[in-house]
Number of protein chains: 2
Amino acid sequence: MQVNADRFLSDLHALRQFGAAGQGKGVIRPAFSEADIAARLWLAERMKDAGLVPQFDPVGSLFGLAEGQSLLMGSHSDTQPEGGWLDGALGVIAALEIARASAEAGGPAVSVVSFQDEEGRFGVTTGSTIWSGGLALERADELQDREGTSFAEARASMAHLAQGFVDPKRFSGFIECHIEQGPWLDEAGEAVAVVTDIVGIRDMRITFEGEQNHAGTTPMHRRRDAFQALSAFNTRINQRLRNVVTPQTVWTIGHVALHPDAHSIVPGRATFSMQWRDGDRDRLKRMESIIRDTAAEVAEELSMGLSYSQMLGLDPVLMDPHFQTALSGAAEAAAPGRWRQMQSGALHDAANVARLMPAAMLFVPSINGISHAYEEDTDERDLVTGLEVLAGAVARIG
Amino acid sequence: MQVNADRFLSDLHALRQFGAAGQGKGVIRPAFSEADIAARLWLAERMKDAGLVPQFDPVGSLFGLAEGQSLLMGSHSDTQPEGGWLDGALGVIAALEIARASAEAGGPAVSVVSFQDEEGRFGVTTGSTIWSGGLALERADELQDREGTSFAEARASMAHLAQGFVDPKRFSGFIECHIEQGPWLDEAGEAVAVVTDIVGIRDMRITFEGEQNHAGTTPMHRRRDAFQALSAFNTRINQRLRNVVTPQTVWTIGHVALHPDAHSIVPGRATFSMQWRDGDRDRLKRMESIIRDTAAEVAEELSMGLSYSQMLGLDPVLMDPHFQTALSGAAEAAAPGRWRQMQSGALHDAANVARLMPAAMLFVPSINGISHAYEEDTDERDLVTGLEVLAGAVARIG
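All values reported here derive from a predicted model rather than from experimental measurement. (Residues numbered from 1 in each chain as written. Chains lettered and ligands numbered in written order. Predicted model: local features only at pLDDT ≥ 70, side-chain atom pairs only at ≥ 80, totals over all residues. Heavy atoms only, no water.)

**Some remarks on the interface of chain A and chain B**
So, step 1. Each partner contributes residues to the interface: chain A has 51 residues there, and chain B has 51 residues.
So, step 2. Of the roughly 4200 Å² buried between chain A and chain B, counting both surfaces, carbon and sulfur atoms make up 48%.
So, step 3. Counting across the interface, chain A meets chain B through two salt bridges.
So, step 4. Measuring nitrogen to oxygen at the nearest pair gives 1.8 Å for the salt bridge that ties B:Glu187 to A:Arg222. (Contact = heavy atoms within 4.5 Å. Buried area = accessible area lost by both parts, 1.4 Å probe. Salt bridge = Lys/Arg side-chain N within 4 Å of Asp/Glu carboxyl O.)

Structure, rendered in structure tokens:
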């Protein structure tokens, strides 16, 4: 199979014109926006040109179907509200080129997909979650974006394009190419990474409830200051988690809400997000115990009420070993000594599709580790190397 | 001079009907609300009944003027959005009763005031700040409340009542009675406190600017997490300030804003309030040095940008020694052994009026130290004791 690098890069640049931000190569193409729908209609035309049959499903995911049983490849073409040009778009256009090249070479049948709302305007990897049975359509329809638009309303804007859901049984497996969104490949000067697994995630909100009081007349020793509880919790959790984690483990307090959030009032309530990610279910569980024990200890010491939101989570997902072997062999052939195996710390559609069929992922470098930003970029030589690795893997899978 | 406790308590309960919250004795009477204006019109009638001449100034402060040179007494009748029934209202009604009782007894002439917007819908002690020359009316008119209403618009709602500003020269001094808003008197079972000074306040916002990044793919050692900088700053500032403060010194982080404030994003920016109060200007200054040095040290260590808002401040204000002596003598007569001298950790109108004339304050207990809440209350015996101390002090001042 001979991929056409110029055709691939040309399509990739054509796609970024839909929703071009006018800043660098940045793109503004959130799920169901005019730019997103226009981009998908353009993609459907490219699929037809490649001899595939385009089919929009009821949630706006676009498939380009090869005849009979086929390998599915792709990712997503929606972006963050302020996104980069590659992200998932790379995986969609790479899949399109592999489908074309394989058909031209008389190779294995390859279908293409661009899932809808991977970026989570309405949830997390919404389109592939629904398709893989992780979320019922009726429940998804109730999800709302930040402006209060429901998923039902949003997908109605594509109703004129919708056909039925595509039967997953027609696919023998799934391969997704994506930018790394982290610094490792770029730092090491490597061209690609074969993903071993997608980490699991746990996420909840924790609330300390103290006593709201006057910031002038309440002496320090009489305060039950909820921000102080949050700060003490953060200090201790940093110390304690370091004893159980690996260098890949991460944890984040990204959201904080104080009440009443005023300069002159000792805050009576602090609600904050606690999120942690790791590739090992047992470690995620141990971290949860430490987090809950530490919060309880701080609450006890500082006389705080303590409550938790529901804990959300996705378990770690292993990538298919057979596909990993094919990708690794192709990587060594295309970029000898310049590739690695790595874990994905970010969620991807492949984590959902893995419920249905063997799934695997290939990463290309992100310059300076930047993603979800206008500055996101990858050297075009690395993009082409990634494409060649995909082609080699498909040939090996056969 | 013989005060009438029943008349005093009856007026105090009548005032709380304006804006009654329907929860306990709570009151909702923010500056310029319908309830606030109605309460002031009712007060103006009570002033007339007491032989005083009511005069609204252009910002809605209501004076009840005795003839000739007089002592001014009072506080404010506006409340927090969810306030208690006493707070400043106590000082206004106590002043009214002293004016009546003194007139009946042929004692010293006493005028009464209820300043507007002490609670700071538009600023801090807005009415008395303008009256005392701390803020030009033209600049005050540009202040906005949280909903974007300007001070100019708000005071226009009272324009039909407004006369000129009252000349401060007609007053020989100012005495304000207020609830303590803290726990000390209630805990000690004491009846009143003579205020020695009103602490100074310093207030600013500090911003740490790190690097916004993906909470899944950015390893811990590569992060420049602005929340971690805030937490580190808080821990160190707590340790370091303890070396220079007194038991009366307070400092507070009451407001925190993370950016972008999302569970899955390492926060790139943390802006927070830092406020500190103390009775000593030099100590306020030393604290400022420690705060700025510590913030700079954290920013340096964690590779953060660092910026500050303008620092706002009011210097500590000493209460008039002669008035303090009169209040102390009257306190010992009315409640022997059950009073103390104390500092005010909260701001009051008296801090502004002290620019213009000798000023002093008397505190009565707050049950459980609660204020600015529906639950705020004081034993009525303590209210009457406070009234008697004021009467005794006025008689001593002569």
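Here the narrative resumes, following the displayed structure.
**Focus on the environment of A:Ala38**
So, step 1. Tracing the backbone through its elements, the reader meets A:Ala38 in helix H2 (residues 34–49).
So, step 2. Sequence-wise, A:Ala38 and A:Gly19 are 19 residues apart; in three dimensions their C-alpha atoms are separated by 9.2 Å. (Helix = DSSP H or I, 4+ residues; strand = E, 2+ residues; numbered from the N terminus.)

**Some points on the domain arrangement of chain A**
Residues and elements named next belong to chain A.
So, step 1. According to the domain assignment, chain A consists of domain 1 (5–198 + 317–397) and domain 2 (200–314).
So, step 2. On a C-alpha basis, the centres of domain 1 and domain 2 stand 36 Å from each other.
So, step 3. Taken together, the contacts link seven residues of domain 1 with six residues of domain 2.
So, step 4. Overall, the association of domain 1 and domain 2 removes approximately 460 Å² of surface from exposure, summing both partners, and the carbon and sulfur fraction of that is 51%.
So, step 5. Applying the counting criterion to the domain 1 and domain 2 interface returns zero salt bridges.
So, step 6. Joining domain 1 to domain 2, the criterion identifies one residue pair in polar contact (both at pLDDT 80 or more).
So, step 7. A breakdown of the residues in the side of domain 1 that touches domain 2 according to their chemical character gives three nonpolar, two polar and two charged. (Domains from an automatic or database assignment. Polar contact = N/O pair within 3.5 Å; in protein donor to acceptor, adjacent residues only side chain to side chain. Nonpolar A, V, L, I, M, F, W, Y, C, P; charged D, E, K, R; others polar.)

**Overview of the relation of the copies chain A and chain B**
So, step 1. For these two chains of identical sequence, chain A goes onto chain B by a turn of 180° and a shift of 0.1 Å along the axis, with RMSD 0.2 Å. Given the turn and translation reported, the copies of this chain are related as if by a two-fold rotation axis. Taking the C-alpha atom as reference, chain A places A:Ser231 closest to the rotation axis, 2.6 Å from it.
So, step 2. Both copies present the same face, since 100% of the interface residues in chain A are matched by interface residues at the equivalent positions in chain B. (Least-squares fit on C-alpha atoms with pLDDT ≥ 70 in both.)

**Thoughts on the pattern of salt bridges**
Residues and elements named next belong to chain A.
So, step 1. If you walk through the whole model with that rule in mind, you get 49 salt bridges over all chains.
So, step 2. Here Glu 297 makes a salt bridge to Arg 240, at a shortest N to O gap of 2.8 Å. Highlighted residues: Glu 297 in helix H9 (residues 281–301) and Arg 240 in helix H8 (residues 226–241), separated in sequence by 57 residues.
So, step 3. One salt-bridge network, in which partners are shared between bridges, spans Arg 7, Asp 11, Glu 97, Arg 100 and Glu 104.

**So, the packing of H2(A) against helix H3 (residues 87–104) of chain A**
Residue and element names in this part refer to chain A.
So, step 1. Contact pair H2 / H3: the axes reach a minimum separation of 10 Å and the direction vectors enclose 15°. By the criterion of interaxial angle, the relationship of H2 to H3 is roughly parallel. As for the relative orientation of H2 and H3, their crossing is left-handed in sense. Between H2, through Trp 42, Leu 43, Arg 46 and Met 47, and H3, the contact on the second element is made entirely by Val 92, Ile 93 and Leu 96.
So, step 2. Taken together, the residues of the contact of H2 with H3 break down into six nonpolar, no polar and one charged. (Axes fitted to C-alpha atoms, helices over the stretch in contact; angles between N-to-C directions. Parallel < 35°, antiparallel > 145°, perpendicular 65-115°, else oblique. Left-handed = near helix turned anticlockwise from the far one by under 90°.)

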